[in-house]
Each structure stands twice: as C-alpha cells, then as structure tokens.
Amino acid sequence: MNILVTGGTGYIGSHTCVELLNSNYNVIVIDNLSNSKIDVVDKIKKITNKDFKFYEGDCCNKEFLNKVFTENQIDAVIHFAGFKAVGESVLKPLKYYRNNLDSTISLLEVMNSFNVKKLVFSSSATVYGKPESLPIKENFPLSTTNPYGSTKLMIEDILRDLHKSDNDWSIAILRYFNPIGAHKSGLIGENPNDIPNNLMPYIVKVATGQLDELSIFGNDYDTVDGTGVRDYIHVVDLAKGHIKAIEKVLKENTIDSYNLGTGNGYSVLELVKTFIKVNNVDVKYKITKRRPGDIDACYADPSYAKEKLNWEASLTIDEMCRDAYNYVKKNK
Ligand code: NAD
Ligand code: UDP
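Residues numbered from 1 in each chain as written. Chains lettered and ligands numbered in written order. Predicted model: local features only at pLDDT ≥ 70, side-chain atom pairs only at ≥ 80, totals over all residues. Heavy atoms only, no water.

1. Brief notes about helix α1 (residues 11–22)
Then comes step 1: Relative to the 16 Å expected for 12 residues at 1.5 Å per residue, α1 spans 17 Å between its end C-alpha atoms, a close match to the ideal helical length.
Then comes step 2: Among the 12 residues of α1, 11 are classified as buried, and the element is accordingly described as predominantly covered.
Then comes step 3: Of all the positions in α1, only Y11, I12, G13, S14, H15, T16, C17, V18, E19, L20 and L21 are classed as buried. (Helix = DSSP H or I, 4+ residues; strand = E, 2+ residues; numbered from the N terminus. Expected span 1.5 Å × (residues − 1). Buried < 20%, exposed > 50% of the residue type's maximum accessible area, 1.4 Å probe, protein only.)

In structure tokens:
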C-alpha cells in the first residue's frame, strides 16, 4: 500500500512516517519545508533503514499535487500539512485560513480526480472549545476560540459534507490532545527555532540553558494544584494511532472522529517536576498571570479509539519527559 503523507517532515508527520515504514507501507512525502528541515528525510531513512520518495512542494498548488498523484499510485493520504500556532493565528488569521483551508481543499479535489478517497486528517482537541465536562468524548459539542481552531473545525465540516455527498470517501478525523516527546533515537523530535508557545518545548529550552526561566501561566485554576491540566501524549503513541486509522480507512468506507490522548491529565507543575526528576536537571520557573483563552483542564476519554481502532497509548509521562530532553540535548 502506498501512503501519501503531507507535512511528513514535520513533528508528528516524521514520527508517523517511521511507524508507516516500520509497518511495511510505502511512503511518499510532501512538504514545503515552511516549518521543518530537509535533513529529517535522511533521519527517517536512517531510523527505519528504508527508502521513500520526498517531494518539496506546496499542497495549495494543484499542479504540483497532480504531478505527485500522476507519478505515484496512491492508496490513501494522511494530511498533516498546515500551520499550527494558536497565537500567530489570532494575529494573522488570513495566513491560517488560506494555508490550512486551501491546502486541504486542493488536496481533496486532486484526490477526487484520481479517485483516491481514503484520508486520515489531523484535527485537534481544540475543536471542543471550552468543554462543559471531563473527560472529553467525541460526541461533545464542537466550537472554537481562535482562528487556528476554526480552520480545524471548518475542515472537519468540509470532510463530513464530502462524505455525505459521496459515500465512497473513507475518512478518519483524529483529534490530538497534547503531543510531546520524541523518537528514542534522538534523531527526530520537536525543537522550534523561535521562542516556543507550547509548554514542553519551553521546559526543554530552559533545561538546556537556551532560555532563562519558564513562566507558569496561572496557579488559580480549578485543578489539583491550581495550574492548567492537559492530556500529554507521547508522539510515538500518536504516530501509531495513525497506522490504526489507516488500516480502518482502507477497510471501511466511513467517516468517524477519534480522540487520541491517554485519558490522564497532568498539571503544569506536575509535568515540570516530573521532567526535573526524570532528567536530573534544574528547570527554573515562576508563576505569572493566566494566558488569555486558556482553560482549566482538558483531557480525553480515549475509549472510542480503543474500541474502534484497537489503539491506546502506552508510553508514560516519564518517557515523554526523557525523550523530549534527549532529542533537544542532541540537536540544540
Ligand atoms: P509541524 O509544523 O511540525 O508539521 C507540519 C508540516 O507541514 C511542516 O513540516 C510544514 O513545513 C508543512 N506544511 C505546512 N503548510 C504546508 C503546505 N501548504 N504544503 C506543504 N507542507 C506544508 O506540525 P505538527 O506538530 O507535526 O502538526 C501536524 C498536524 O497536526 C498539523 O495539521 C497540526 O495542526 C495538527 N495538530 C498538531 C498538534 C500539536 O500539538 N503538535 C495538536 C493538534 C493538531
Ligand atoms: N503553559 C505555561 N507556560 C508556557 C506554556 C504553556 O504555563 O510557557 C501552560 C498553559 O497555560 C497550559 C499548559 O501549559 O495550561 C499547556 O499549554 P500548551 O500551550 O502546551 O498546550 P494547550 O494550551 O494548547 O493545550
């Protein structure tokens, strides 16, 4: 089976390529390298000892997509390509609507014309907005609080409409919770060049001395210690969820959404303290005011993915902290 992976040199895409190649799928990767580096291609090959085709190009460019589909017999697509920074999306909404929607619609049109109708799409727990209760189930009401989240929800709606219009489409919408960690080789992972927006990349940069101090955004939330609670999931577990989702879409013509999380919530302080303990390193932090738009707690009920995809996360918070640090130490 030949799987096209858009955004395949990015953080989650690269780990998914590793799992696909290890599961004996043929992989074709597209990425415009707007948020990743070309050397990831060789690193994936090194980890897996397998070869695959890489195309540098933009998913908004239908001529380019047509060429990729003409040159390859594609069976299914995993669509990661898109922008993902919540804060930037508030400042530059058009950039987000243009790239995330245009890349997806262009891809869907080209897939349609080549009669390739099997898709796994990267959505996010952000489509649950401010959940009324926890843990979050897939049938909870959907809403968004920022343009990035709106692009995800709009794309989900497009996919649902598409399937309604043509039942030959087979689509898995994966709603990720908070992916962290890295492949244990230390060859691929997440290490943003700019000041990180997300918690784990920030913690790691403080631990490696690249940043002075972590700001913990608020300690007056309604949680175990007052700091925000999230469902952190090891990126390798997340990548494995994509293999199960691909198996599903190749087998059945349905559309369905699945939470990919562990079901466990950890507070900011719990994560920082675990990181310090596991890696035996200091992480300076201070408590500051809340970040606008943040919610107290967010964690998944992952039982539907277990039931329907036969998938569940297995790596621990200790492994997430160890692997995240290992990657950045080797690549800073
Ligand atoms: P990433 O930025 O590391 O990877 C995305 C990749 O897509 C990058 O390599 C980038 O260069 C590429 N890309 C962007 N626009 C493109 C375009 N128009 N054409 C071709 N390539 C393009 O991000 P990630 O963390 O790996 O996330 C992957 C997907 O998962 C994204 O859609 C993101 O919104 C979604 N997601 C991520 C998280 C998270 O916390 N990382 C959470 C929920 C959902
Ligand atoms: N957070 C923090 N300091 C940071 C970054 C994040 O205290 O520098 C907190 C944030 O308020 C939230 C948690 O860490 O409670 C996870 O934030 P992240 O941005 O990683 O994920 P998201 O909020 O999108 O779930």
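2. A look at the site of ligand 1
Then comes step 1: In the vicinity of ligand 1 there are 26 residues, among which I12, D31, N35, S36 and Y148 approach most closely.
Then comes step 2: Note that an oxygen atom of ligand 1 is positioned 2.8 Å from one of the backbone N or O atoms of I12.
Then comes step 3: Here F80 contributes a backbone N or O atom positioned 2.8 Å from an oxygen atom of ligand 1.
Then comes step 4: Protein chains shield 95% of the accessible area of ligand 1, which is 820 Å² for the free molecule.
Then comes step 5: Elements that contribute at least two residues to the shell around ligand 1 include exactly α1, β5 (118–124) and α6 (147–165).
Then comes step 6: Take the shell around ligand 1: its biggest share by element is three residues, from β5.
Then comes step 7: Tallied by class, residues from the shell around ligand 1 come to nine nonpolar, 13 polar and four charged. (Near = heavy atom within 4 Å. Polar contact = N/O pair within 3.5 Å; in protein donor to acceptor, adjacent residues only side chain to side chain. Areas by Shrake-Rupley, 256 points an atom, 1.4 Å probe, with all protein chains shown as cover. Nonpolar A, V, L, I, M, F, W, Y, C, P; charged D, E, K, R; others polar.)

3. Side note on the packing of aromatic side chains
Then comes step 1: All told, the structure shown has five aromatic pairs when counted by the stated rule.
Then comes step 2: Ring geometry for Y55 and F64: centres 6.4 Å apart, planes at 70°, overall edge-to-face.
Then comes step 3: Since its relative accessible area comes to 10%, Y55 is described here as buried.
Then comes step 4: According to the relative accessible area criterion, F64 is buried, its value standing at 11%.
Then comes step 5: Taking the centre distance of 5.5 Å and the plane angle of 55° together, the rings of F83 and Y96 count as tilted. Highlighted residues: F83 in the loop between β4 (76–79) and α4 (86–91) and Y96 in helix α5 (residues 93–113), separated in sequence by 13 residues.
Then comes step 6: The class of Y96 is buried, set by a relative accessible area of 1%.
Then comes step 7: The ring centre of F83 lies 4.9 Å from the NZ or CZ of K95, which sits over that ring. (Phe/Tyr/Trp six-rings, centres within 6.5 Å; stacked < 30°, edge-to-face > 60°. Lys NZ or Arg CZ within 6 Å of the ring centre and 35° of its normal.)

4. Comments concerning the nonpolar core
Then comes step 1: Grouped together as the largest cluster of nonpolar side chains are 36 residues, with contacts concentrated most on I3, V5, L20, V27, V120, L174 and I246.
Then comes step 2: At seven residues, helix α8 (residues 235–251) tops the list of elements feeding residues into this core.
Then comes step 3: When sequence neighbours within four positions are dropped, the list of residues in contact with I246 reads I3, Y25, A76, I78 and V120.
Then comes step 4: Membership of the second largest hydrophobic core comes to 27 residues, among which are I216, V268, V283 and C321. (Core = buried A, V, L, I, M, F, W, Y, C linked by side-chain atoms within 4.5 Å. Contact = heavy atoms within 4.5 Å.)

5. Here's the deal with the sheet that holds strand β11 (residues 255–260)
Then comes step 1: The parallel open sheet is built from seven strands, whose spatial order is β3-β2-β1-β4-β5-β6-β11. Two strands in the sheet have a free side with no partner beyond their single neighbour: β3 (53–56) and β11. Pairs of neighbouring strands in the sheet enclose a mean axial angle of 20°, with direction left out of account.
Then comes step 2: Strand direction decides the pairing type here: β5 and strand β6 (residues 170–176), joined by seven bridges, are parallel. (Pairing = 2+ DSSP bridges. Axes fitted to C-alpha atoms, helices over the stretch in contact; angles between N-to-C directions.)

6. Quick look at the packing of α1 against helix α2 (residues 39–48)
Then comes step 1: Across the interface, α1 lies against α2 with an axial gap of 10 Å and an inter-helix angle of 35°. Here the hand of the crossing between α1 and α2 comes out right-handed. On α2, the residues touching S14, C17, V18, L21 and N22 of α1 are V40, I44, I47 and T48.
Then comes step 2: A per-class count over the contact of α1 with α2 returns six nonpolar, three polar and no charged. (Left-handed = near helix turned anticlockwise from the far one by under 90°.)

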